[in-house]
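In case you want the letters, here they are:
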Amino acid sequence: MLNPRYQFVLFAGLALGLLSSCSDDHNDTGTEFAPNMYHSVAYEPMTQTDGDTNTINPYGMNMRQPVAGTVARSKYTGSDSLQKELLHQDLISRTIPNDSITYSAAALKNPLAATPENIEAGKLQYERYCQHCHGETGKGDGLVAKMYKGVPVYSSDALKTLNDGHIYHVITHGKGRMWPHGSQITSANRWKIVLYVHELQNQ
């Protein structure tokens, strides 16, 4: 049991500490006891805050300046109209959250024509990335599907009318038990797979 005098000193100290920590400035975050938890020691290229002391890059910037001749995707003006449309659709798709499949279905349209060459190229990509689950004919009977239940049938009433944007979104972000493939398959090849999936829908 502490001596009453020591108890008074202890409580008085605590009260003084609490009162001194109060401030009229509502923007004052107070004393940071672990600043490394708030401020990264490393330079963060996507942020620029007051007090950054980056002495490596010009003007103290964390982000490096683009190399000479860099063209923003939205400013691409090349003569290749197909490449321009692929970039345009890719930019749109990147602004759509991965849980907003209806937006993709409404906004995205396949920039590739359904030529025999594109469909055959889509079949090749399908065989590499999709067939093991969805099956050779899109019936959901691939080797993996035998253990990984619930793979849909493309020609079913629920799926046979799905459009370009919907299919592209699912390939990119995944859906349900299907994992995303956006990091594994290029945008152009995803659109080619969409063309081939349409062929399987119509079986």
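Residues numbered from 1 in each chain as written. Predicted model: local features only at pLDDT ≥ 70, side-chain atom pairs only at ≥ 80, totals over all residues. Heavy atoms only, no water.

As annotated in an unreviewed UniProt entry, the protein is Cytochrome c from Aquirufa ecclesiirivi.

## Overview of the packing of helix α6 (residues 164-173) against helix α7 (residues 187-201)
Orientation of α6 relative to α7, taken along the N-to-C sense of each, is 120°, at an axis distance of 9 Å. Our classification of the angle between α6 and α7 gives oblique. Crossing of α6 over α7 shows right-handed handedness. When α6 is examined against α7, the residues D164, I167, Y168, I171 and T172 are found in contact with a partner set consisting of S187, R190, W191, I193, V194, V197, H198 and Q201. Along the lines of polarity and charge, the residues of the contact of α6 with α7 split into seven nonpolar, four polar and two charged. (Axes fitted to C-alpha atoms, helices over the stretch in contact; angles between N-to-C directions. Helix = DSSP H or I, 4+ residues; strand = E, 2+ residues; numbered from the N terminus. Parallel < 35°, antiparallel > 145°, perpendicular 65-115°, else oblique. Left-handed = near helix turned anticlockwise from the far one by under 90°. Contact = heavy atoms within 4.5 Å. Nonpolar A, V, L, I, M, F, W, Y, C, P; charged D, E, K, R; others polar.)

## Regarding the environment of I185
Secondary-structure assignment places I185 in the loop between α6 and α7. Separated by 60 residues in sequence, I185 and Q125 have C-alpha atoms that sit 8.5 Å apart. In this structure I185 touches Q125, Y129, I171, R190 and I193, once residues within four positions along its chain are discounted.

## A look at the nonpolar core
Counting 19 residues, the largest nonpolar core has Y126, I171, W191, I193 and V194 as its most contacted members. Elements supplying a minimum of two residues to this core: α4 (116-129), α6 and α7. Per-element tally for this core: the top contributor is α7, with seven residues. If we skip the residues at most four places from it in the chain, W191 touches L86, Q89, L108, K109, N110, P111, L112, D164 and Y168. (Core = buried A, V, L, I, M, F, W, Y, C linked by side-chain atoms within 4.5 Å. Buried < 20%, exposed > 50% of the residue type's maximum accessible area, 1.4 Å probe, protein only.)

## Section: the side chain of H169
Take H169: it is sitting in helix α6. The class for H169 is buried, based on a relative accessible area of 2%. Discounting residues that sit within four places of it in the chain, H169 has contacts with I96, P97, N98, S100, I101, S104 and G174.

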